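# Structure at a glance
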Amino acid sequence: MWNQLRKLVSGKPSKSSVPETVEPPPTKLEFDDARPEVEAFLKIDISTEKAESEKGELALSAMKKMALDIDQIERSAKGNPENSIAGGLWLSGAGYGNLAQELTRRFRVAGWLTHEQTASGLWARATLAVNARFHHLVGPAMLANADCQQRLGKAERATYIYTSVLKDFIFLIGSWQQKTEAPTDDDRIAIECLQTAIEGLLALDPTEVDGTDLKAVREHVSQILARSKTDG
């Protein structure tokens, strides 16, 4: 499922999007080529009215270079999380995930929706490449992209991502229903992501997904999240 999501959040090549595929990487991979340009862009004030028209191309250039590095990371990390990956590869993927997350946040504050969609897609791709087993890291990235798709009017894409999060995270309900204490911090974040995915689906009209009653699951989620750390 995550492989399908990687393709979905990559998008299709266009003037204002990140290319989905690139030429094969060189023998010696360098995963930090884009970092200086991205970090330099993050220092720019994009809060002014003319910022998007004046600085938008700089943002796209930085993200296209980041996409090339993430492409290499994805290929090198193929088989993760079933197979282990080198520490340097993980650091590069996690680092780009953090940078893309910050770009996503800044574009959202500035109201640059198309750039936000691209950045959130990179955030999701980098996270899935090296941290696919950690639901509390995958969830926020996927939901950020789903939210962009929804605001752009791409309901089908948003529904697919929300549904994928629902299916992959719903096991947490069964796990925590057998307990009385509050969820651990990481699981709480993951369960909150499940809650957000359900709300996203309900806003797009489905009340049931493959036989799963969304409102019933939402109720279970609410009960688990309502537990305080002193419960149990």
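This text follows the structure it describes.
Residues numbered from 1 in each chain as written. Predicted model: local features only at pLDDT ≥ 70, side-chain atom pairs only at ≥ 80, totals over all residues. Heavy atoms only, no water.

### Side note on the pattern of salt bridges
It is possible for side chains bearing opposite charge to pair when their charged atoms get close. To be explicit about the condition: The rule for a salt bridge is simple: a side-chain nitrogen of Lys or Arg has to be within 4 Å of a carboxyl oxygen of Asp or Glu. When a residue's accessible area, from a 1.4 Å probe over protein chains only, is under 20% of the maximum for its type it is buried; when over 50% it is exposed; and in between it is partly exposed. Runs of E in the DSSP output that reach at least two residues are strands. Runs of H or I that reach at least four are helices, and both are numbered from the N terminus.
A full pass over the atoms with the stated rule returns 12 salt bridges. Between aspartate 32 and arginine 35 there is a salt bridge whose closest N-O contact spans 3.4 Å. Using a relative accessible area of 38% as the deciding quantity, one classes aspartate 32 as partly exposed. In this structure, the salt-bridge partner of aspartate 147 is arginine 108, at a minimum N-O distance of 2.5 Å. Of this pair, aspartate 147 sits in helix α6 (residues 135-151) while arginine 108 is found in helix α4 (residues 87-110), placing the two residues 39 residues apart along the sequence. Using a relative accessible area of 46% as the deciding quantity, one classes arginine 108 as partly exposed. Here the residues in one salt-bridge network are Arg108, Glu116, Asp147 and Arg151, joined through shared partners.

### A short note on the nonpolar core
Taken as a class, soluble globular proteins show a tendency for nonpolar side chains to be buried jointly. Stated precisely, the cut-off is as follows: Take the buried residues of types Ala, Val, Leu, Ile, Met, Phe, Trp, Tyr and Cys, join any two whose side-chain atoms come within 4.5 Å, and each joined set is a nonpolar core.
Within the largest apolar cluster, 60 residues are counted, with the highest numbers of intra-cluster contacts made by Val38, Met66, Tyr96, Leu103, Phe107, Ile198 and Val221. For this core, the leading source of residues is helix α3 (residues 51-76), giving 9 residues.

### Observations regarding the side chain of glutamine 149
Where we set the bar: Polar contacts, as used here, are pairs of N or O atoms within 3.5 Å; protein pairs need one atom able to donate a hydrogen and one able to accept it. Residues neighboring in sequence count only if both atoms are side-chain atoms. Residue contacts follow a heavy-atom distance rule, with two residues in contact if any of their heavy atoms lie within 4.5 Å.
Structurally, glutamine 149 is set in helix α6. Of note is the side chain of glutamine 149, whose polar atom sits 3.1 Å from the side chain of glutamine 117. The residues touching glutamine 149, leaving out its near neighbours within four places in the chain, are Gln117, Lys154, Arg157, Ala158 and Ile161.

### As for the environment of glycine 139
Along the polypeptide, glycine 139 turns up in helix α6. Along the primary structure glycine 139 and glutamate 192 are separated by 53 residues, whereas in three dimensions their C-alpha atoms are 8.9 Å apart. The contact partners of glycine 139, leaving out residues within four places of it in the chain, are Phe169 and Cys193.

### Here's the deal with the packing of helix α2 (residues 35-42) against α4
Packed helices, taken two at a time, are described by the angle their axes make and the gap between the axes. Using the following cut-off: Geometry is summarised by axes, namely lines fitted to C-alpha atoms with helices restricted to the contacting stretch, and by angles between N-to-C directions that run from 0 to 180 degrees. For classification purposes, an angle smaller than 35 degrees is called roughly parallel, one larger than 145 roughly antiparallel, one from 65 to 115 roughly perpendicular, and anything else oblique. By definition, any crossing whose near helix is turned counterclockwise from its far helix by less than a right angle is left-handed, and any crossing with a clockwise turn is right-handed. Under this grouping Gly is polar, as are all residues other than the nonpolar Ala, Val, Leu, Ile, Met, Phe, Trp, Tyr, Cys and Pro and the charged Asp, Glu, Lys and Arg.
Across the interface, α2 lies against α4 with an axial gap of 11 Å and an inter-helix angle of 25 degrees. As judged from the angle between their axes, α2 and α4 are roughly parallel. Handedness of the crossing formed by α2 with α4: left-handed. Only Ser92, Gly95, Tyr96, Leu99, Glu102, Leu103, Arg106 and Phe107 of α4 make contact with α2, whose side of the interface consists of Arg35, Val38, Glu39, Phe41 and Leu42. When its residues are assigned to classes, the contact of α2 with α4 shows 7 nonpolar, 2 polar and 4 charged.

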